[in-house]
Amino acid sequence: MAQRLNPAARDAAASRVTFITTGVVSLGLAGTIGLGYGIADMVKAEKAVKAQQAGQVRDTAPVPEPEPDTIPQGQVPPKQTGRQSYPGTTPGRQTPKPAPKPKPTTKPPATSSGGS
């Protein structure tokens, strides 16, 4: 059975609970941030190694660049318009229209089960 505490003991117990809860939350938050930094550093290191390897491959085997005046076969040249293109947009393309909404039906859907 729980015993009743006097006000001083109750306040001390409440402050201990608050202190422990604050410590656990702080340690959890610090651990989460530490893991995030650790993972971010690993990803940066992996990307740097891949970029370095790609740079070494590129240095040893140069890729010929196509001439700017020629267009590869099967491709259509882009239309030249007087409009300025904005980042994230493709000139000459319109956004697709949304699909029409389905019409409500009054019949129940047909099922392939035998039913009763």
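Above this text sits the structure in question.
**Comments concerning the overall build of the protein chain**
Part 1: When helices and strands are counted, the protein chain shows 1 helix and 0 strands.
Part 2: Counting every position in the protein chain, which comprises 116 residues, the buried fraction comes to 1%.
Part 3: As displayed, the protein chain offers around 12200 Å² of accessible surface, 61% of which is attributable to carbon and sulfur atoms.

**Considering a nonpolar patch on the surface**
Part 1: On the surface, a nonpolar cluster with roughly 390 Å² of combined accessible area is contributed by Leu35, Ile39, Met42 and Val43.
Part 2: Inspection of the secondary structure assignment puts valine 43 in helix H1 (residues 7-60).
Part 3: Its relative accessible area of 37% is what places valine 43 among the partly exposed residues.

Each value, and the rule that gives it
- Residues numbered from 1 in each chain as written.
- Predicted model: local features only at pLDDT ≥ 70, side-chain atom pairs only at ≥ 80, totals over all residues.
- Heavy atoms only, no water.
- Helix = DSSP H or I, 4+ residues; strand = E, 2+ residues; numbered from the N terminus.
- Buried < 20%, exposed > 50% of the residue type's maximum accessible area, 1.4 Å probe, protein only.
- Areas by Shrake-Rupley, 256 points an atom, 1.4 Å probe, with all protein chains shown as cover.
- Patch = residues over 30% accessible without salt bridge, like charges linked within 9 Å, V, L, I, M, F, W, Y side chains within 5 Å.
- Salt bridge = Lys/Arg side-chain N within 4 Å of Asp/Glu carboxyl O.

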